[in-house]
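This is what each chain is made of:
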Amino acid sequence: MAFTSWLSRLRSSYSKTITDLRTSFFHHLRTRGASTTAITPPYHFSKQNPFRITCSNSLLPVTLAGSLAIHFQSPPPLCDASLDSPSSGIGGKGSAEFVVKGSHKHVPQELIEELKAICQEDTSIDYDERYFHGKPQNSFHKAVNIPDVVVFPRSEEEVSNIVKSCDEHKVPIVPYGGATSIEGHTLSPHGGVCIDMSLMKNVKALHVEDMDVVVEPGIGWMELNEYLEPHGLFFPLDPGPGATIGGMCATRCSGSLAVRYGTMRDNVISLKVVLPNGDVVKTASRARKSAAGYDLTRLLIGSEGTLGVITEVTLRLQKIPQHSVVAMCNFPTIKDAADVAIATMLSGIQVSRVELMDEVQVRAVNVANDKNLPEFPTLMFEFIGTEAYVREQTLIVQKIISEHRGSDFVFAEDPEAKKELWKIRKEALWACFAMEPKYEAMISDVCVPLSRLAELISCSKKELDASPLVCTVIAHAGDGNFHTVILFDPNQEDQRREAERLNNFMVHTALSMEGTCTGEHGVGTGKMKVSYPLFEPAMHFMKFDTCSFGALAIYLEKELGIEALKTMKRIKNALDPNNIMNPGKLIPPHVCF
């Protein structure tokens, strides 16, 4: 009885104190950036003392006045005591801090001289050059440091020698492709050496009869398709303009044609890669299939430069279709549009593209291009094959559309008309900036099983429409992948927090539907952050209704589980014991074993 009375008084007296503690705690996290390398979710209660909340971070050691003490344990040891240290905080998605922090690694003059000997005049320590390579071209992410030196190798041998020298001096390396990634992949938070692959852009061999091509990593996918067109072939992945084949492999990208042809992992036959010690490994033969040993090709595709530098890629090609039709139609709601995308895929029709834009995105297109398109949720399709087959596909989809309240169905067969229609989708991001020219874009990249797409988009759309920020929806609706473009001023804290909140909401909603935090953009630093989910009462047994110590969740850990991340870390440590390859990317620094 006495205990019950005491507990009742305790609830009353310390409810506000606990709430203030929670607010102070998370304010401290945010103002530190996501400097959470020692945080391991979730918080839990000690069996020996039910009033002891144990936390794996010592950010806020506090003892409440009275009989309730909250203890914080010391940080657990980290696997990397060098570059991925707690002092090297991480900002970006999941925190109000958008500058990626890092401890600068000294680059000795001896190494710079070695690099000059290897690359001759293709070496730069010019500040403008280094600054350019330290800031992604299509991303709001920044880092506290920039590369100390930029090198432009012309051959695999030069790349190998560069990497050997960097490994000997234990200096970080950041491979650099087209710089079109949006998750901070090419940032140099620890300084070091940036290896720009733009001079390695040759087509080394084209096998028309085998429908494959061997290329260097610096060639762009658009330039490659110009080369292939006279041979009646094309490479089917189409990410943003400017993307290079090496970067596309590193991020495991896809694009609008993935619904028909698959992602990068499905279209790469083999790679040549310079490992962190300078050794060169070929991952497979040119055979279309092989059961010989570990699949090193798939291991390195999507590794984001953390395991090696790609120097050669053998790609699977496709025949240019005989005939194609591009169609477009409008819907009263975005759910109707998503339902049609799902119904189309379930019908068995092999469409090559199914793209969705919401009414805000269509408005952006109108503003940017002085067009007068109906400002409703819009679906765009592409059908390919023989002329008869394409017409049959078009009629079937037109019927599906009519059953889901679709309207204004139009299609184009003329090459110029088709190009003009697809230009609307391809330039969607740039159109958004016409609405807010001085803002940056935070772009989400969630993907869910196709059956959950309509639910996810509808749920997300309600949050986006209620936000004071300008937000558009663009989706690769045929494979469950959708993006939101959230326009914000990164220098305005309230806008940063709102953009982070929206992104967090969509990621956690997608993960709850067995989806992924990134369908095609990769992890980089942006998807590696600590995030703030909707808090659940962690002290419910004490009925402190105003207090909720929600477990901090990390995107990758929530999606894959800590054991998967530990396995990645073991692979990384085995191949790159000095942690020189794009450190601070892909694998969250709290992962330990």
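Residues numbered from 1 in each chain as written. Predicted model: local features only at pLDDT ≥ 70, side-chain atom pairs only at ≥ 80, totals over all residues. Heavy atoms only, no water.

The name recorded for the chain in an unreviewed UniProt entry is D-lactate dehydrogenase (cytochrome), from Salix dunnii. Looking at the chain in UniProt, the text filed under Cofactor (unreviewed entry) is "FAD". Under Sequence similarities (unreviewed entry), UniProt gives the following word-for-word description of the chain: "Belongs to the FAD-binding oxidoreductase/transferase type 4 family." (UniProt positions renumbered as here; feature names shortened; annotations may be inferred.)

Student: Describe in detail the overall build of the chain, supporting the description with residues and values.
Tutor: Across its full length, the chain carries 18 helices and 27 strands. Residues counted as buried form 57% of the 593 residues belonging to the chain. Taking the contacts inside the chain whose residues are at least 6 apart along the sequence as the reference set, 73% of them involve residues at least 24 apart. When the accessible surface of the chain is totalled, it reaches about 24500 Å², and 53% of it is carbon and sulfur. (Helix = DSSP H or I, 4+ residues; strand = E, 2+ residues; numbered from the N terminus. Buried < 20%, exposed > 50% of the residue type's maximum accessible area, 1.4 Å probe, protein only. Contact = heavy atoms within 4.5 Å. Areas by Shrake-Rupley, 256 points an atom, 1.4 Å probe, with all protein chains shown as cover.)

Student: Residue-level account of a nonpolar patch on the surface, with values.
Tutor: On the surface, Tyr294, Leu296, Leu299, Ile571 and Leu575 cluster together to form a nonpolar patch covering roughly 460 Å² of accessible area. Secondary structure elements with two or more residues in the nonpolar patch: helix 9 (296-300) and helix 18 (562-575). Among the secondary structure elements, Tyr294 is positioned in the loop between strand 15 (280-282) and helix 9. When its relative accessible area of 77% is taken as the criterion, Tyr294 is described as exposed. (Patch = residues over 30% accessible without salt bridge, like charges linked within 9 Å, V, L, I, M, F, W, Y side chains within 5 Å. Salt bridge = Lys/Arg side-chain N within 4 Å of Asp/Glu carboxyl O.)

Student: Outline the pattern of salt bridges, supporting the account with residue identities and numerical values.
Tutor: According to the stated counting rule, one finds 28 salt bridges in the structure shown. Connected through shared salt-bridge partners, Asp238, Arg353, Glu382 and Lys426 make up one network.

Student: Talk me through the packing of aromatic side chains; I want residue IDs and the actual numbers.
Tutor: Applying the stated criterion across every chain, the model contains six aromatic pairs. Centre to centre, the rings of Phe381 and Phe383 are 5.8 Å apart; their planes meet at 10 degrees, and the pair counts as stacked. Side by side, Phe381 and Phe383 carry an identical accessibility label, which is buried. Above the plane of the ring of Tyr261 lies Arg260, whose end atom (NZ or CZ) is 5.9 Å from the centre. Above the face of the Trp422 ring, Arg353 is positioned so that its terminal group lies 4.7 Å from the ring centre. (Phe/Tyr/Trp six-rings, centres within 6.5 Å; stacked < 30°, edge-to-face > 60°. Lys NZ or Arg CZ within 6 Å of the ring centre and 35° of its normal.)

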